[in-house]
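Understanding the architecture of this molecule
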Amino acid sequence: MRTATSALELVRPRTVKDALVLLREDPRLVPLAGCTDLYVAVNFGTLNASRFLDLWTLEPLRRISLQGDMLVIGALASYTEIIKSRHVRKQLPMLVESARQIGGPQIQNRGTIGGNIANASPAGDTLPVLAAAQATVVLRSTGGERRVPFAAFYTGYRTTVRKPDELIVAVEVPMQQGRQWFRKVGTRAAQAISKVVMAAVRDDRPRVAIGSVGPTVLRVPRTEAALANGSIEDAARTLVEEIQPIDDARSTAEYRRAVTANLLRRFWSDTAA
Ligand SMILES: Cc1cc2nc3c(=O)[nH]c(=O)nc-3n(C[C@H](O)[C@H](O)[C@H](O)COP(=O)(O)OP(=O)(O)OC[C@H]3O[C@@H](n4cnc5c(N)ncnc54)[C@H](O)[C@@H]3O)c2cc1C
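The structure contained in this document is the topic of the report that follows. Because the structure is predicted, anything quoted here is derived from the model rather than measured.

**Points about the overall build of the protein chain**
Looking only at helices and strands, one finds eleven helices and 14 strands in the protein chain. In terms of C-alpha radius of gyration, the protein chain reaches 19 Å, essentially the compact-globule figure of 19 Å for 273 residues. Principal-axis analysis of the C-alpha atoms gives the protein chain an extent of 55 × 45 × 30 Å. Counting only residues that meet the buried cut, the protein chain has 52% of its 273 residues in that class. In the protein chain, once contacts between residues fewer than 6 apart in sequence are set aside, the share between residues at least 24 apart is 59%. Measuring between centres, the 37 positive side-chain charges of the protein chain sit 4 Å from its 26 negative side-chain charges.

**Observations concerning unusual backbone geometry**
Positive phi is not limited to glycine here, since Cys35 has a value of about 70°. Along the chain, the position of Cys35 falls in the loop between β2 (30-32) and α2 (36-44). Even without being glycine, Arg158 reaches a positive phi, approximately 55°. Note on placement: Arg158 falls in the loop between β8 (154-156) and β9 (159-160). Taking the relative accessible area as the measure of exposure, Arg158 reaches 38% and is therefore partly exposed.

**A look at the packing of helix α9 (residues 221-228) against helix α10 (residues 232-242)**
Direction vectors running N to C along α9 and α10 enclose 180°, while the axes themselves pass 8 Å from each other. For the element pair α9 / α10, the angle class is roughly antiparallel. Taking contact as the criterion, the partners of Pro221, Arg222, Thr223, Ala226 and Leu227 in α9 are, on α10, Ile232, Asp234, Ala235, Thr238, Leu239, Glu241 and Glu242.

**Notes on the site of the ligand**
The full set close to the ligand counts 32 residues, and Pro31, Thr36, Asp37, Tyr79 and Thr112 are the nearest of them. In this structure, Asp37 approaches the ligand through a side-chain N or O atom, which is 2.6 Å from an oxygen atom. Contact with the protein chains covers 86% of the free accessible surface of the ligand, which is 980 Å². For the shell around the ligand, the elements supplying multiple residues, two or more each, are β2, α2, α6 (105-110), α7 (113-119) and β10 (167-173). Partitioned by chemical class, the residues of the shell around the ligand number 16 nonpolar, eleven polar and five charged.

What counts, and at which threshold
Position numbers for residues start from 1 in each chain and track the written sequence from start to end. For this predicted model, a pLDDT threshold of at least 70 governs which residues receive local features, and a threshold of 80 or more governs which side-chain atom pairs are given and counted, while totals over whole chains, interfaces and linings are taken from all residues. To get the side-chain values, take all heavy atoms of the structure and skip hydrogens and water. What counts as a helix is a DSSP run of H or I of at least four residues, what counts as a strand is a run of E of at least two, and both are numbered from the N terminus. When we talk radius of gyration, it's over C-alpha atoms, and the globule rule is simply 2.2 Å times the number of residues to the 0.38. Each residue is assigned to one of three classes by its accessible area relative to the maximum for its type, calculated with a 1.4 Å probe on protein chains only: buried under 20%, partly exposed between the two thresholds, exposed over 50%. The criterion used for residue contact is that any of the two residues' heavy atoms lie within 4.5 Å. When charges are counted, Lys and Arg are positive and Asp and Glu negative, with His and the chain ends excluded. Charge positions are represented by NZ for Lys, CZ for Arg, CG for Asp and CD for Glu. To obtain each axis, a line is fitted to C-alpha atoms, and for helices this fit is confined to the stretch in contact; angles are then taken between N-to-C directions over 0 to 180 degrees. In this scheme, roughly parallel covers angles under 35 degrees and roughly antiparallel covers those over 145, while 65 to 115 is roughly perpendicular and the rest are oblique. Only a single heavy atom is needed: when it lies within 4 Å of a molecule or strand, its residue is near that molecule or strand. Pairing of N or O atoms within 3.5 Å defines a polar contact, subject to two protein rules: one partner must be a possible hydrogen donor and the other a possible acceptor, and residues neighboring in sequence count only if both atoms are side-chain atoms. Method for areas: the Shrake-Rupley scheme with a 1.4 Å probe, in which residue coverage is limited to the protein chains shown. Side-chain classes are defined by residue name, with Ala, Val, Leu, Ile, Met, Phe, Trp, Tyr, Cys and Pro counting as nonpolar, Asp, Glu, Lys and Arg as charged, and the others, Gly among them, as polar.

So yeah, pure geometry; function would need other evidence.
Spelled out as structure tokens, the structure:
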């Protein structure tokens, strides 16, 4: 049943510090960024929360910058801002590619990278990019800041190490040396949730990350090792054993295994010297 919006309360802090104090005082407050995921939950009546912390006006969380070799993307950066950013275009073109394929223009204008990370869907399209790029999630509370490697951020299906009094403030991405590649397979070109989504980087030690084939976004170390040895067919065989897709409303496990192996082959041929 749809949640009555009149029963909901929106708290609007002026600064990031105020937001963190509010969150410490009431850890049940639900952070709200672009609201593209939250609104769906409110609309379907599946959200067991009534107080929201509106982050949208906190400009410092929106910045995208280059700090030395490190690309720092504020949690509130929208997909449109990511697509336009010269830093992201230069350092992390596979993120631009994924942002272009998320929803339509309305979702790209409101949806944020921090929301995609925190929402923790195994089908989140930026997540394989961040996993393959070996990003770090920056969490902040009134007690200070901590950095969590992306590979350690998810603990299971839709669960993360974020504590209730913490906000994701940014994601840090080190300089990428190899060729970057991104591909999303969905029912149609736009406005589709991924059946399989893959991001990969090809250098001496190839890195491959995949969404929608397990409870969280996955890196596939055995497949990566086979790629490093130079055998794409060995790697494709290893990959179908290494992923854990399921049958669901969007696809079947069998289809997902076949498509994932094909994507790996495509990655390898597209990035050949
Ligand atoms: C029509 C439609 C199409 C879509 N298409 C796609 C698609 O193609 N690919 C895709 O990956 N997603 C898609 N989405 C999902 C959604 O747009 C993205 O996940 C988006 O990035 C969510 O960001 P947001 O800012 O709107 O998050 P919100 O809805 O504001 O929040 C989502 C979750 O993250 C938490 N949160 C948000 N920001 C923070 C923060 N800084 N710190 C801690 N917690 C935080 C919230 O509490 C909530 O739990 C679609 C959604 C819709 C409605």
